[in-house]
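This is what each chain is made of:
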Amino acid sequence: MSPQTPPPSPPIVLVPGHWLGAWAWDAVAARLRATGHTVTALTLPGLEDAATPRAGIRYEDHVRAVLDAVTAHDGPVVLVAHSGAGAPVTSALDAAPERVARVVYVDSGPSADGVVPEPDLRQDAVELPLPSFAELEAGGASLAGLDAAALDRFRERAVPHPAGALRERIVLRDDRRHGVPATLVCCSIPSATVQALVASGEPMFAAVAALTDAGYVDLPTGHWPMWSAPAELADVLAGAAAGDA
């Protein structure tokens, strides 16, 4: 390799949030691949399609799927979590921090030790269906940038999330995860607000406060930027892979 040739970018592993599969990343992945990036988009266990059995899926199954995608590559990867994928991505990072060059949280963030992702789920629930769009917005998940066609596609392709992957307590053991370079892509909440909450000691942001090498990127759109701003998100992820954020 000549001195003028930049080193290759690390592979990018994309993990979607609740109710989604690898398909959710199609536009982002296509743009990244067109510019030479190696991309793996995941469908977590139980989210393949509506007919997939979900009764036996546990949190550790989602963590293992993320770890398998990370360790399938020879070197460290850029690991990207959207929304609720922040939990299994945090656990995978805790298990193998040396295999992650950078972690990117897209309208998401790291989880803390001892947290239960969805503590209010009934113990007999097998799955968590996609709520109404009004309920999603009421819970803080902005639909900004999504037109009627995008919402119809979301509703048509969404798969109920396995309940067993949401009600187990997260156990984290390796503080090295805090030192892995992190990028927080802020969509629904501006980065200035996030940083103010971190500085205030807000308990919900304690895991963000523990990061020792964190950068913030504002991408003002809704909670699903892979659909509302796919080109812009792809470019942010390319920059993160290059170490720019």
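About the thresholds
- Every chain begins its residue count from 1, and numbering advances along the sequence as written.
- Under the rules for a predicted model, residues below a pLDDT of 70 receive no local features and side-chain atom pairs below 80 are neither given nor counted, while totals for whole chains, interfaces and linings still include all residues.
- Excluding hydrogens and water, the side-chain figures rest on all heavy atoms present in the structure.
- The pocket and cavity definitions rest on a 1 Å grid over protein atoms only: a 1.4 Å probe that fits but cannot leave marks a cavity, an open set with protein on both sides within 12 Å along at least five of seven lines marks a pocket, and residues lining either have an atom within 4 Å of a point.
- Grid points are joined across faces, edges and corners, and a volume is the space filled by probe spheres set on the points.
- A run of H or I in DSSP counts as a helix once it spans at least four residues, and a run of E counts as a strand once it spans at least two, with each numbered from the N terminus.
- Classification used: nonpolar for Ala, Val, Leu, Ile, Met, Phe, Trp, Tyr, Cys and Pro, charged for Asp, Glu, Lys and Arg, polar for all others including Gly.
- Planes of paired rings set the category: under 30 degrees apart is stacked, over 60 is edge-to-face and the rest tilted, where pairs are Phe, Tyr or Trp rings (Trp by its six-membered ring) whose centres lie within 6.5 Å.
- Relative accessibility decides the category of a residue: with a 1.4 Å probe and only protein chains considered, values under 20% of the type maximum give buried, values over 50% give exposed, and everything between is partly exposed.
- Consider the ring centre and the ring normal. A charge sits over the ring if Lys NZ or Arg CZ is within 6 Å of that centre and within 35 degrees of that normal.

Peer 1: Account for the layout of surface pockets, with residues named and values stated.
Peer 2: Take a probe with the size of a water molecule and roll it over the atoms, and the empty space left behind shows itself. Counted as a void, the largest pocket has a volume near 1,500 Å³. If you trace the largest pocket, you find 43 residues lining it, with Ser 83, Gly 84, Asp 107, Ser 108 and Met 204 closest to the centre. Mapped onto the lining of the largest pocket, the elements with two or more residues apiece are helix H3 (86-95), helix H4 (133-138), strand S7 (182-186) and helix H7 (206-209). Counted by class, the lining of the largest pocket contains 26 nonpolar, 13 polar and 4 charged residues. Around the second largest pocket, the lining is made up of 14 residues, and of these Tyr 59, Glu 60, Val 63, Ser 91 and Val 171 lie nearest the centre. Among the secondary structure elements, those contributing two or more residues to the lining of the second largest pocket are helix H2 (59-71) and H3. In terms of residue count, the dominant contributor to the lining of the second largest pocket is H2 (5 residues).

Peer 1: Which residues make up the packing of aromatic side chains, and what values go with them?
Peer 2: Applying the stated criterion across every chain yields a total of 4 aromatic pairs. With 5.8 Å between their ring centres and 35 degrees between their planes, Phe 133 and Phe 154 make a pair best called tilted. In this pair, Phe 133 sits in helix H4 while Phe 154 sits in helix H5 (residues 148-157), placing the two residues 21 residues apart along the sequence. Comparing Phe 133 with Phe 154 shows no difference in burial state: the two are buried. Taken together, the ring pairs connect Trp 23, Phe 133, Phe 154, Trp 224 and Trp 227 into an aromatic cluster. The ring of Phe 133 carries Arg 155 above its face, with NZ or CZ at 4.7 Å from the centroid.

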